[in-house]
Amino acid sequence: MKESSSSIFTLELTPAAINILMILGVNGVGKTTSIAKLAHKYKNIEGKKVLIAAGDTFRAAAEEQLRTWAERTGADLIEMPHGSKSSAVVYKAIEKAKNEGYDLVLIDTAGRLHNKKNLMEELAKIQDVIKKNLADKDYKLETILVLDASMGQNSSIQAETFNELCKVDSIILTKFDGSSKAGTVFSIAHKLKIPVKFLGTGEKMENLEEFSPETFTNKYF
């Protein structure tokens, strides 16, 4: 088993391993669109074999959106009937990834923060399924939190909460299209020491920028 973290501001896939990105975030922040952008980047630009796991089984809209994005990006999709256990979807995805040689698995998760205990248990089960079923394989697991840059202090609160529920490795900031939102990056980085790795700058699949401290500072300050 190989479970390691990426270099600080770069999301690096490990060659000859199953790379798993567990995507966290509350409903409405752009989580589903971010998954689509990641699928597009790694499948269509970097030529990886990509599988999406529709683990947010309690929100029908998320499942429908992922189905549409999978078709558009050409990524494969694992889904189960509405209301199924998220961990069951992930188990099915992991088995497919092992058997069919996928480079990257993108896992959507529920964003129901109103019941933190249930969400924490659900995220823990997903991680257990990944670790148990990949114990004999090289893999890399990273948890990525999606935050809406326009929500300011509320984004910092969400980051704190998710980091308590399930250790967050990195962040995607969505709806980032102006200097007025730049302070959110520094607030989160300073308070929680979690690196921002991507900025979502629009609705198109191509609107995902890799975060660079130097470029970011020169552009907005």
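Look above for the structure.
What you see is a predicted model, and the numbers here were worked out from it, not measured in a lab.

About the criteria used
Residues numbered from 1 in each chain as written. Predicted model: local features only at pLDDT ≥ 70, side-chain atom pairs only at ≥ 80, totals over all residues. Heavy atoms only, no water. Buried < 20%, exposed > 50% of the residue type's maximum accessible area, 1.4 Å probe, protein only. Helix = DSSP H or I, 4+ residues; strand = E, 2+ residues; numbered from the N terminus. Pairing = 2+ DSSP bridges. Salt bridge = Lys/Arg side-chain N within 4 Å of Asp/Glu carboxyl O. Phe/Tyr/Trp six-rings, centres within 6.5 Å; stacked < 30°, edge-to-face > 60°. Lys NZ or Arg CZ within 6 Å of the ring centre and 35° of its normal. Axes fitted to C-alpha atoms, helices over the stretch in contact; angles between N-to-C directions. Contact = heavy atoms within 4.5 Å. Left-handed = near helix turned anticlockwise from the far one by under 90°. Nonpolar A, V, L, I, M, F, W, Y, C, P; charged D, E, K, R; others polar. Core = buried A, V, L, I, M, F, W, Y, C linked by side-chain atoms within 4.5 Å.

Enquirer: Got a minute to help me understand the pairing of strand 7 (residues 196-200) in this structure?
Expert: Note on strand geometry: in a regular strand, side chains alternate between the two faces of the sheet. Counting buried residues in strand 7 gives 5 out of 5 residues, a clear majority hidden from the surface. In this sheet, strand 7 lies alongside strand 6 (residues 170-174) in parallel orientation, the contact comprising 3 bridges. By the bridge assignment, Leu-173 is partnered in strand 7 with Leu-199. Taken together, the 3 bridges between strand 7 and strand 8 (residues 208-210) define a ladder with antiparallel strand orientation. Of the residues in strand 8, the one forming a bridge with Gly-200 is Leu-208.

Enquirer: Would you explain the pattern of salt bridges in this entry?
Expert: Two side chains of opposite charge can pair, provided their charged atoms sit close to one another. Scanning the model with the defined rule gives 14 salt bridges in all. For Asp-108, the salt bridge is made with Lys-31, and the minimal N-O distance between the two is 2.6 Å. Of this pair, Asp-108 sits in strand 4 (residues 104-108) while Lys-31 sits in helix 1 (residues 31-45); the two residues are 77 residues apart in sequence, bridging distant segments of the chain. Given a relative accessible area of 0%, Asp-108 falls into the buried group. The shortest N-O distance in the salt bridge between Glu-100 and Lys-96 comes to 3.1 Å.

Enquirer: How do you make sense of the packing of aromatic side chains when you look at a structure like this?
Expert: Centre distance and the angle of the planes are the two values used to describe a pair of aromatic rings. Scanning the model with the defined rule gives 0 aromatic pairs in all. Over the ring of Trp-69 we find Arg-72; its NZ or CZ atom is 5.0 Å from the centre of that ring.

Enquirer: What exactly am I supposed to notice about the sheet that holds strand 6 here?
Expert: Adjacent strands of a sheet pair through backbone hydrogen bonds, lying either parallel or antiparallel. Taken in spatial order, the 8 strands line up as 3-2-4-1-5-6-7-8 in an open sheet, and their pairing is mixed. Of all the strands in the sheet, the pair left with one neighbour each is strand 3 (76-78) and strand 8. The mean angle between the axes of side-by-side strands here comes to 25°, regardless of whether they run parallel or antiparallel. Contacts from helix 2 (residues 60-73) reach strand 2 (50-53), strand 3 and strand 4, with the element oriented near 160° to strand 3.

Enquirer: What is the right way to look at the packing of helix 5 (residues 153-165) against helix 6 (residues 183-192) in this model?
Expert: For any two helices packed against each other, the geometry comes down to the angle between their axes and how far apart the axes lie. Packing of helix 5 against helix 6 brings their axes to within 10 Å, and their N-to-C directions diverge by 30°. Once helix 5 is placed against helix 6, the crossing between them reads as right-handed. For the pair helix 5 and helix 6, the contacting residues are Ser-155, Ser-156, Ala-159 and Glu-160 in the first and Thr-184, Ser-187, Ile-188, Lys-191 and Leu-192 in the second. Across the contact of helix 5 with helix 6, the residue classes tally to 3 nonpolar, 4 polar and 2 charged.

Enquirer: What is the right way to look at the nonpolar core in this model?
Expert: Here is a general trend for soluble globular proteins: nonpolar side chains tend to be buried in one another's company. Within the largest apolar cluster, 65 residues are counted, with the highest numbers of intra-cluster contacts made by Ile-20, Leu-38, Leu-106, Ile-130, Ile-171 and Leu-173. Not counting the four nearest positions on each side in its chain, Leu-106 is found in contact with Leu-21, Ile-35, Leu-38, Ala-39, Val-50, Leu-51, Ile-52 and Ala-53.

Enquirer: What's the story with unusual backbone geometry in this structure? I'm lost.
Expert: The phi torsion of most residues other than glycine is negative, and most of the peptide bonds are trans. Despite not being glycine, Lys-175 shows a phi value in the positive range, around 55°. Among the structural elements, Lys-175 can be located in the loop between strand 6 and helix 6. Positive phi outside glycine occurs at Lys-193, with the angle close to 60°. Tracing the backbone through its elements, the reader meets Lys-193 in the loop between helix 6 and strand 7. Exposure remark for Lys-193: the relative accessible area of 62% places this residue in the exposed category.

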